[in-house]
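# Architecture at a glance
Here is how the chains run, residue by residue.
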Amino acid sequence: MGKIEIFGFFILLCVISMNPVQPQSSTQAPCASADVNGTLEVGCWGYKKCSNGMVLEFKCAAGKVFDKETWKCIVPVSGHTACSLENKCAGRPDGMYADQTDACQTYIRCLGEAVVGQVYCPASTVFNEEIQSCDFKVNVASPCGTKVIVLG
């Protein structure tokens, strides 16, 4: 190598070491949205939980659904929720819908008339189809909530 090539290499090396790659902020990491127990998502299929910064997924075996009261996989419709194996998305456009069979404590995600997920709302909330999110019953119209709609 000539003197100019070595000098150029040295400058490049200095520039690289002066501009290290910045780590992603914790707000961008998936575990940043976990609850105090590390739980990210709970659905009829199972749950996702963070442990040491890694997302772990626990799925129920075929023919079983997850019961959030016992944190066990159970036979459908035998526990807290009416999670079932029927296709609740048949004839529905893509979107999220309250599951009225369990008093709207869960909601289903439909894509191509297939259920791609069934998720529990946090305690004391139900799914509000109007805003596509879990909400308090007083803010949700019947049949899922108690919101009074004045016509008029």
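The protein chain has the name Chitin-binding type-2 domain-containing protein in an unreviewed UniProt entry, where Lymnaea stagnalis is given as its organism.

Another point: the confidence of the model for the protein chain. Chain-level statistics for the protein chain give a pLDDT mean of 75 and a share of 73% at 70 or above. Scored below 50 in pLDDT, residues 1–28 makes 3 contacts in the model with residues more than four places away or belonging to other chains.

A separate point is the packing of aromatic side chains. Centre-to-centre distance and the angle between the planes together describe a pair of aromatic rings. Counting across every chain of the model gives 5 aromatic pairs. Summarising the aromatic geometry, the rings of Tyr-47 and Phe-58 are spaced 4.7 Å apart at their centres and angled 20° between planes, so their arrangement reads as stacked. One end of the pair, Tyr-47, is in strand 2 (residues 46–51); the other, Phe-58, is in strand 3 (residues 54–59), and 11 residues separate them in sequence. The class for Tyr-47 is buried, based on a relative accessible area of 15%. Its relative accessible area of 36% is what places Phe-58 among the partly exposed residues. Here the basic side chain of Arg-92 rests over the ring of Tyr-97, its NZ or CZ set 4.4 Å away from the ring centre.

Bringing the pairing of strand 2 into the picture now. One ladder, built from 4 bridges, connects strand 1 (residues 39–43) with strand 2; its direction is antiparallel. Bridging across to strand 2, Gly-43 finds its partner in Gly-46. Linking strand 1 to strand 2, which pair antiparallel, is a turn of 2 residues. Here strand 2 runs beside strand 3; their pairing, made up of 6 bridges, is antiparallel. Opposite Lys-48, over in strand 3, you have Glu-57 as the bridge partner. Counted along the chain from strand 2 to the antiparallel partner strand 3, the turn is 2 residues long, and its residue Asn-52 has a positive phi close to 55°.

Ala-98, Cys-104, Tyr-107, Val-119, Cys-121, Val-126, Phe-127, Val-140 and Cys-144 together form the largest nonpolar core, which totals 9 residues. When neighbours within four sequence positions are excluded, Val-119 is seen to be in contact with Glu-41, Val-42, Gly-43, Gln-105, Thr-106, Tyr-107 and Arg-109. Within the second largest apolar cluster, 5 residues are counted, among which are Val-42, Cys-60, Phe-66 and Tyr-120.

Let us look at the pattern of salt bridges. The final tally for this structure, using the stated rule, is 4 salt bridges. The partner of Lys-48 in a salt bridge is Glu-57, with the nearest N and O atoms 3.8 Å apart. Measuring nitrogen to oxygen at the nearest pair gives 2.5 Å for the salt bridge that ties Lys-88 to Asp-99. Of this pair, Lys-88 sits in the loop between strand 5 (72–74) and strand 6 (95–98) while Asp-99 sits in the loop between strand 6 and strand 7 (106–111), and the two are 11 residues apart along the sequence. Relative accessible area serves as the criterion here: at 13%, Lys-88 is assigned to the buried category. Judged by its relative accessible area of 3%, Asp-99 falls in the buried class.

Calculation rules
- One numbering rule holds for all chains: residues counted from 1, following each sequence as written.
- In view of the model being predicted, local features appear only for residues whose pLDDT reaches at least 70, and side-chain atom pairs are presented and counted only at 80 or more, with totals across whole chains, interfaces and linings using the full set of residues.
- Computation of side-chain values: all heavy atoms of the structure, hydrogens and water removed.
- For every residue, the pLDDT score states the predictor's confidence, bounded by 0 at the bottom and 100 at the top.
- Contact criterion: two residues are considered in contact whenever any of their non-hydrogen atoms come within 4.5 Å of each other.
- Pairing of aromatic rings covers Phe, Tyr and the six-membered ring of Trp, with a centre-to-centre limit of 6.5 Å; geometry is then stacked below 30 degrees between planes, edge-to-face above 60, and tilted otherwise.
- Think of it this way: any DSSP run of H or I at least four residues long counts as a helix, any run of E at least two long counts as a strand, and we number them from the N terminus.
- Working definition: with a 1.4 Å probe on protein chains only, accessible area under 20% of the residue-type maximum means buried, over 50% means exposed, and in between means partly exposed.
- A positively charged side chain is recorded as over a ring if its NZ (Lys) or CZ (Arg) lies within 6 Å of the ring centre. The angle to the ring normal must also be within 35 degrees.
- Here, any two strands with at least 2 DSSP bridges between them count as paired.
- Among buried residues, those of type Ala, Val, Leu, Ile, Met, Phe, Trp, Tyr and Cys that are joined through side-chain atoms within 4.5 Å constitute a nonpolar core.
- For this analysis, a salt bridge means a side-chain nitrogen from Lys or Arg found within 4 Å of a carboxyl oxygen belonging to Asp or Glu.

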